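Results of the structural survey
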Amino acid sequence: MMLCSAVNADGDIFVGTGETLEYDVASDSTLDVNLTVAPRGTFVKTGAGILTIPTSKIVQGWPANISVREGGVKIRAESTSSAVVSTVPPAAMQNAAVWFDSSKESSVISNT
């Protein structure tokens, strides 16, 4: 595993292709800089605190691989869409390992 980090002049975090960044959060905090995770890159949250990541801080363009080794991570939606599905489609639930409902603060993870 390659550990690396790149931080630009604004303090934004970039994890390059095939690289891993371990980000230590000792106490609860909110990410206030942009986070970009390139393809096959991994952002690993460590430390006992809970890191809240506003969706506006996750740079889009590819799926972000975010792992949690210690503590927790909360992804906070900055806005809601009128197109949000209010219930889980039965066919999706039969095949899904995890379902996140953006209209709720927390979601249940279940395999029933």
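Bear in mind the structure is a predicted one, so any value in this text is a computation, not a measurement. All residue numbers refer to positions counted from 1 along the written sequence of the respective chain. Totals for whole chains, interfaces and linings use every residue, but because this is a predicted model, local features are given only for residues with pLDDT of at least 70 and side-chain atom pairs only at 80 or more, for both listing and counting. Hydrogens and water molecules were not included; the side-chain quantities draw on all heavy atoms of the structure.

This part takes up the sheet that holds strand β6 (residues 42-46). On the basis of which strands lie adjacent, the open sheet formed by three strands has the order β3-β6-β8 and parallel pairing. Where the open sheet ends on each side, the last strands, each with one partner, are β3 (20-24) and β8 (66-68). Each strand of the sheet is rotated relative to its neighbour by a mean of 25°, with strand direction disregarded. Note: two strands are recorded as paired if DSSP finds a minimum of 2 bridges between them. Working definition: helices are DSSP H or I runs of at least four residues, strands are E runs of at least two. Numbering for both runs from the N terminus. As defined by bridge partners, β6 adjoins β8 across three bridges and the pair is classed as parallel. When the bridges of β8 are listed, Phe-43 appears paired with Ile-66. Angular values range over 0 to 180 degrees, each being the angle between N-to-C directions of two axes fitted as lines to C-alpha atoms, with helices fitted over their stretch in contact.

Before going further, it helps to examine the environment of Ile-75. Take Ile-75: it is sitting in strand β9 (residues 72-76). Spatially, the C-alpha atom of Ile-75 lies 5.8 Å from that of Pro-54, the residues being 21 residues apart in sequence. Should any heavy atoms of two residues lie within 4.5 Å, those residues are considered in contact. Sequence-distant contacts of Ile-75, that is, excluding residues within four places in its chain, are made with Ile-53, Thr-55 and Ile-58.

A few words on the nonpolar core. Proteins that are soluble and globular tend to have nonpolar side chains buried together. We define a nonpolar core as any set of buried Ala, Val, Leu, Ile, Met, Phe, Trp, Tyr and Cys residues linked to one another through side-chain atoms lying within 4.5 Å. Here the term buried applies to any residue with accessible area under 20% of the maximum for its type, exposed to any over 50%, and partly exposed to those in between, with areas from a 1.4 Å probe on protein chains only. Of all hydrophobic cores here, the largest spans twelve residues; its members are Ile-13, Val-15, Leu-21, Val-25, Leu-31, Val-33, Leu-35, Val-37, Phe-43, Leu-51, Ile-53 and Ile-58. Elements represented by at least two residues in this core include exactly β2 (13-15), β5 (35-37) and β7 (50-54). Those residues in contact with Val-25 that sit more than four places away from it in its chain are Lys-45, Thr-46, Gly-47, Ala-48, Gly-49, Ile-50 and Leu-51.

Note on placement: Thr-46 falls in strand β6. Excluding residues within four positions of it along the chain, Thr-46 makes contact with Glu-22, Tyr-23, Asp-24, Val-25, Arg-69 and Glu-70.

To continue, consider the sheet that holds β9. On the basis of which strands lie adjacent, the open sheet formed by three strands has the order β4-β7-β9 and parallel pairing. Each edge of the open sheet carries a strand with a single partner, namely β4 (29-30) and β9. By the bridge criterion, five bridges tie β7 to β9 in an arrangement that is parallel. Each bridged residue has a counterpart across the sheet, and for Leu-51 the counterpart in β9 is Val-73.

With respect to the helices, strands and loops of the structure, Val-33 is situated in the loop between β4 and β5. Judged by relative accessible area, which is 14%, Val-33 ranks as buried. Spatially, the C-alpha atoms of Val-33 and Ile-13 are 7.1 Å apart, while their sequence positions differ by 20 residues. Apart from residues lying up to four places away in sequence, Val-33 is in contact with Asp-10, Gly-11, Asp-12, Ile-13 and Lys-57.

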